[in-house]
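The lines below spell out each chain.
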Amino acid sequence: MSTVEYPAGPRGSGDGTRTGAGGPDGARRAPADASVGALVSQASQQLSQLVRDEMRLAQAEMTQKGKRLGLGGGLFGGAAGVGFLALAALVAAAIAGLATAMPVWASALIVGAVLAAVTAALAMKGKKEIALATPPKPERAIDDVKADMAEIKEKAHR
């Protein structure tokens, strides 16, 4: 199973870890003598960067989920095609069974059973891929935004 990496930038190094420029907890530190205007400006810039980073993460997650949905849909399409072949083979087996001796229809029946097993395997794999891609929303990005908002609110109340 693949993972979504944090985008490169002030918050992310692109290797799945968060980094910051500042203190031991990764937070940027403002100079003690900075004016309120400078602090507000810095906070605004940091919030803008945070939103951009979260949007890049959401985009990466949605791209990954889209690929899974495409793969799952393709596997279901493959299952439908092989299922049609299985039905054709079973029909041929029934016709051969009625028209000729045992060996012809028995071999057609075996081929039909194998194709049916392939159909079932493709359908189960397709269902699994689609289940992994749903719901189609960027869950990690949403969780990160919620955590960021909670931290901002906590720091604002201090």
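Residues numbered from 1 in each chain as written. Predicted model: local features only at pLDDT ≥ 70, side-chain atom pairs only at ≥ 80, totals over all residues. Heavy atoms only, no water.

1. What to know about the overall build of the protein chain
Along its length, the protein chain carries 3 helices and 0 strands. In the protein chain, buried positions account for 21% of the 158 residues. Sequence separation of at least 24 residues holds for 67% of the intrachain contacts in the protein chain that already meet a minimum separation of 6. Of the roughly 10300 Å² that the protein chain leaves accessible, carbon and sulfur atoms contribute 69%. (Helix = DSSP H or I, 4+ residues; strand = E, 2+ residues; numbered from the N terminus. Buried < 20%, exposed > 50% of the residue type's maximum accessible area, 1.4 Å probe, protein only. Contact = heavy atoms within 4.5 Å. Areas by Shrake-Rupley, 256 points an atom, 1.4 Å probe, with all protein chains shown as cover.)

2. Describing a nonpolar patch on the surface
Residues L47, V51, M55, V145, M149 and I152 make up a contiguous nonpolar surface patch of about 510 Å² in total accessible area. When contributions to the nonpolar patch are tallied by element, the ones reaching two or more residues are α1 (36–99) and α3 (139–156). By secondary structure assignment, the location of V145 is in helix α3. (Patch = residues over 30% accessible without salt bridge, like charges linked within 9 Å, V, L, I, M, F, W, Y side chains within 5 Å. Salt bridge = Lys/Arg side-chain N within 4 Å of Asp/Glu carboxyl O.)

3. Structural notes on α3
Because each turn of an α-helix spans 3.6 residues, side chains separated by three or four positions in sequence point in the same direction. Look at α3: 26 Å from first C-alpha to last across 18 residues, which is about the 26 Å you get at 1.5 Å a residue. Listed as buried for α3 are A141, D144 and D148. Taken around the axis of α3, the buried residues stretch over an arc of 60 degrees, which confines them to a single face. Along α3, the residues that are exposed and aim more than 90 degrees away from the buried face are K146 and K153. (Expected span 1.5 Å × (residues − 1). Arc of directions from axis to C-beta.)

4. Points about the pattern of salt bridges
Here the idea is simple: oppositely charged side chains can pair when their charged atoms come close. Using the criterion set out here, one finds 3 salt bridges in the structure. Measuring nitrogen to oxygen at the nearest pair gives 2.4 Å for the salt bridge that ties D53 to R56. Of this pair, D53 and R56 are both found in helix α1, 3 residues apart, which corresponds to roughly one turn of the helix. Close ionic contact of R68 with E129 constitutes a salt bridge, the shortest N to O distance being 2.9 Å. Here R68, found in helix α1, pairs with E129, found in helix α2 (residues 102–133); they are 61 residues apart in sequence, far enough to count as distant. With a relative accessible area of 6%, E129 lands in the buried category. Taken together, the salt bridges that share partners define one network made up of R68, K125 and E129.

5. Description of the environment of A58
In this structure, A58 sits in helix α1. With relative accessibility at 14%, the residue A58 sits in the buried group. Sequence spacing of A58 and P138 is 80 residues, and the spatial spacing of their C-alpha atoms is 5.1 Å. Dropping the residues within four chain positions of it, A58 is found in contact with P138 and A141.

6. Points about the confidence of the model for the protein chain
The predicted structure's coordinates, where accompanied by low pLDDT, should not be read in detail. Confidence in the prediction of the protein chain, expressed as mean pLDDT, is 75, and 72% of residues score 70 or more. Segment residues 9–21: pLDDT under 50, and 35 contacts once partners within four positions in sequence are set aside and those in other chains are kept. (pLDDT = per-residue confidence, 0-100.)

7. Things to note about the side chain of T119
Inspection of the secondary structure assignment puts T119 in helix α2. Residue classification places T119 among the buried positions, given a relative accessible area of 17%. When neighbours within four sequence positions are excluded, T119 is seen to be in contact with A79, V82, G83 and A86.

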